[in-house]
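Remarks on the overall topology
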Amino acid sequence: MVLKVHNIIFYWWAPLINTYSLLVCTYIFWRVAMSMFYREPQDAGYMPSVSMIISAKNEEHHIRETLEHVFASRYPRELLEVLVVDDGSTDRTWEILEELSFLHPRRLRTFRHETNKGKRFAMALGAQKAQNEILVYIDSDSLIDPEALYRVVQPFHDRSIGAVGGEIGVVVEKDNFFSKMEVVRYQISQRVIKASESLFNSVTCCSGPLAAYRRVSVLRVLPAWLNQTFRGRRTTFGDDRSLTNFILRTHRVVFHHGAICRTYVPNRLKTYLRQQLRWKKSWSRETIIASGFMWRKHPMAAVPFYLGILVTLLSPLIALRALFYLPVFLSVSCLPYLTGLALINFLLASVFFYYTRSRYWPYLLAFVAFYIGILSWQTYYAITTIPRNHWGTR
């Protein structure tokens, strides 16, 4: 913060830019500082009946491994049922599910959409067919730790809790550059953003790889969620963030760092960019929706939420001004901007290394460059193309 004194001293030379700079610094330091107060939900010894639901489409390479990790969960068998909905796969996903159903006849229930209907309809079918108290959704390419299921349901001993998000990590693959870059990004999003949101029971997205909900709460909003429209069109992406929004309106939503799940990330640029665009469309739509009720939450949750929107929307323009407009047209050095950027990201890299001791922390620099050059600009494109729907990333 000391480095921002010049923004105050020379404030009136460029009030808008200096305001933005001070807000960004405040936002990041606030998130990091609040996350340090986060503590895992207590182990209440709570073991409700659980229905684990997996929606799959063309996951022949991962679905078997995903289910092996599910069946290795240390949770009473009599309290757990596993449901998989094949959403119109055209590969061997259904054949593999039939094989696994034969091997686990009492533990696995499978359903099939003959044609692709969309992940949301697969998730909804799972909720309708489920028989237990808590619904735990995981993605079809995600690997949960043995203790993840037990831990993710612990907060539900408090009846005011409507949803719980698990900690999502990345399966780092040797030849997958994006997995090494995303492992840093995921950790920061969990241990900084979600941890700080969880302090005030206002986690804005329970991510698809591991998210738990009260079944009665999901069934209550199911018709509205299934028939959700935006700009006159039915919404068919961003299902996890959307469902979280429906629950967050009336319940507390928290994050459990100890409920760990790792997921695969795309290994090709085209697939990765398509995934990121879909996520940004989801963020754009659901942020608009959440803006209508987040002001009713705790001020310590609401203010950073709205400030985060401002930072996301303005950051590409600020970067363009600092890295292109000022040097080219005004012969002004971009060094102050780059210095500030480096210091902020050194802080985030330090947070990542503190929690993980991982050698992948330098990949944050690669992500920052990738974000400034490409991903941040996707936000504007996402906002203008929200009505264009698409189900998956592969």
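Each chain carries its own residue numbering, running from 1 in the direction its sequence is written. Given that the model is predicted, a residue must reach a pLDDT of at least 70 before its local features are reported, and side-chain atom pairs must reach 80 or more before they are shown or counted; all residues, however, enter totals for whole chains, interfaces and linings. To get the side-chain values, all heavy atoms of the structure are used, and hydrogens and water are removed first.

1. Looking at the side chain of N245
Counting from the N terminus, the helices are the DSSP runs of H or I reaching at least four residues and the strands are the DSSP runs of E reaching at least two. The topology assignment puts N245 in helix α9 (residues 239–248). Note on classification: 1.4 Å probe, protein chains only; a residue is buried when its accessible area is under 20% of the maximum for its type, exposed when over 50%, partly exposed between these limits. The class for N245 is buried, based on a relative accessible area of 2%. Side-chain polar atoms of N245 contact the side chain of E286, separated by 2.8 Å. Ignoring sequence-local partners within four residues, the contact set of N245 consists of E286, I289, A290 and F293. Contacts described as polar in this section are N or O atom pairs within 3.5 Å, which, within protein, must combine one atom able to donate a hydrogen with one able to accept it, while residues neighboring in sequence count only if both atoms come from side chains. The criterion used for residue contact is that any of the two residues' heavy atoms lie within 4.5 Å.

2. Considerations on the packing of aromatic side chains
Note on aromatic pairs: the rings of Phe, Tyr and Trp (six-membered ring only in Trp) are paired at centre separations within 6.5 Å, and the planes decide the class, stacked below 30 degrees, edge-to-face beyond 60, tilted for the rest. By the definition in use, this model includes 14 aromatic pairs. On the basis of an interplanar angle of 80 degrees and a centroid distance of 6.0 Å, the ring pair of F324 and F329 is categorised as edge-to-face. Looking at F324, the relative accessible area reads 43%, which means it is partly exposed. Overall, the relative accessible area of 54% leaves F329 in the exposed class. Chaining the aromatic ring pairs together yields one cluster made of F177, F178, Y272, Y360, Y363 and F370. Against the face of W295 rests R296, its NZ or CZ located 5.5 Å from the ring centre. Each ring is checked for a lysine NZ or an arginine CZ that lies within 6 Å of its centre and within 35 degrees of its normal; such an atom marks a charge sitting over the ring.

3. Side note on the packing of helix α5 (residues 119–129) against α9
Here the axes come from fitting lines to C-alpha atoms, over the contacting stretch only for helices, and the angles between their N-to-C directions go from 0 to 180 degrees. In the contact formed by α5 and α9, the axes pass within 10 Å of each other and the chain directions differ by 55 degrees. Overall, the two elements α5 and α9 adopt an arrangement that is oblique. Where α5 approaches α9, its residues K119, R120 and M123 are matched on the opposing element by D239, D240, S242 and L243. Polar here means any residue outside two lists: the nonpolar Ala, Val, Leu, Ile, Met, Phe, Trp, Tyr, Cys and Pro, and the charged Asp, Glu, Lys and Arg; Gly therefore counts as polar. When grouped by side-chain class, the residues that make up the contact of α5 with α9 number two nonpolar, one polar and four charged. Working definition: roughly parallel below 35 degrees, roughly antiparallel above 145 degrees, roughly perpendicular at 65 to 115 degrees, and oblique for all remaining angles.

4. Focus on the environment of K281
Following the sequence through the fold, K281 ends up in helix α10 (residues 269–290). Taking the relative accessible area as the measure of exposure, K281 reaches 8% and is therefore buried. Note: C-alpha distance between K281 and C334 (53 residues apart in sequence) is 31 Å.

5. Describing helix α12 (residues 335–356)
One turn of the α-helix equals 3.6 residues, which is why residues spaced by three or four share an orientation. Expected helix span is computed as 1.5 Å times (number of residues minus one). End to end, α12 covers 31 Å across 22 residues, agreeing with the expected 32 Å (1.5 Å per residue, within 8%). Here α12 has its buried residues at I344, N345, L348, A349, V351 and F352. All buried residues of α12 project into a common sector of 150 degrees when viewed along the axis, lining one side. α12 presents L335, P336, F346 and Y354 as exposed residues on the side facing more than 90 degrees away from its buried surface. Positive phi appears at R357, one or two residues downstream of α12, with a value of about 55 degrees. Think of the arc as the fan of directions from the helix axis to the C-beta atoms.

6. Observations regarding the pairing of strand β4 (residues 134–139)
In terms of burial, β4 is largely enclosed, as six of its six residues are buried. Here β4 shows a buried face lined by I134, V136 and I138 and a second buried face lined by L135, Y137 and D139. With six bridges connecting them, strand β1 (residues 50–56) and β4 associate as parallel partners. Note that in β4 the partner of V50 across the bridge is I134. Strand pairing requires that DSSP identify at least two bridges connecting the strands. In this structure, β4 lies alongside strand β7 (residues 211–214), joined through four bridges in antiparallel fashion.

7. Considerations on the pattern of salt bridges
Any two side chains of opposite charge can pair if their charged atoms end up close together. Salt bridges are identified by distance alone: a Lys or Arg side-chain nitrogen within 4 Å of an Asp or Glu carboxyl oxygen. Under the defined criterion, the tally for this structure stands at 13 salt bridges. Close ionic contact of E99 with R92 constitutes a salt bridge, the shortest N to O distance being 3.4 Å. A residue is classified by how much of its surface remains accessible, and R92, at 36% relative accessible area, is partly exposed. As a salt-bridge pair, R252 and D158 come within 2.7 Å of each other at their nearest N and O atoms. Linking R252 in strand β10 (residues 252–263) with D158 in the loop between α6 (148–153) and β6 (161–170), this pair joins segments that are 94 residues apart in sequence. Note on R252: relative accessible area 30%, which makes it partly exposed. We classify D158 as partly exposed; its relative accessible area is 25%.

Everything listed is a geometric property; what it means functionally is a separate question.
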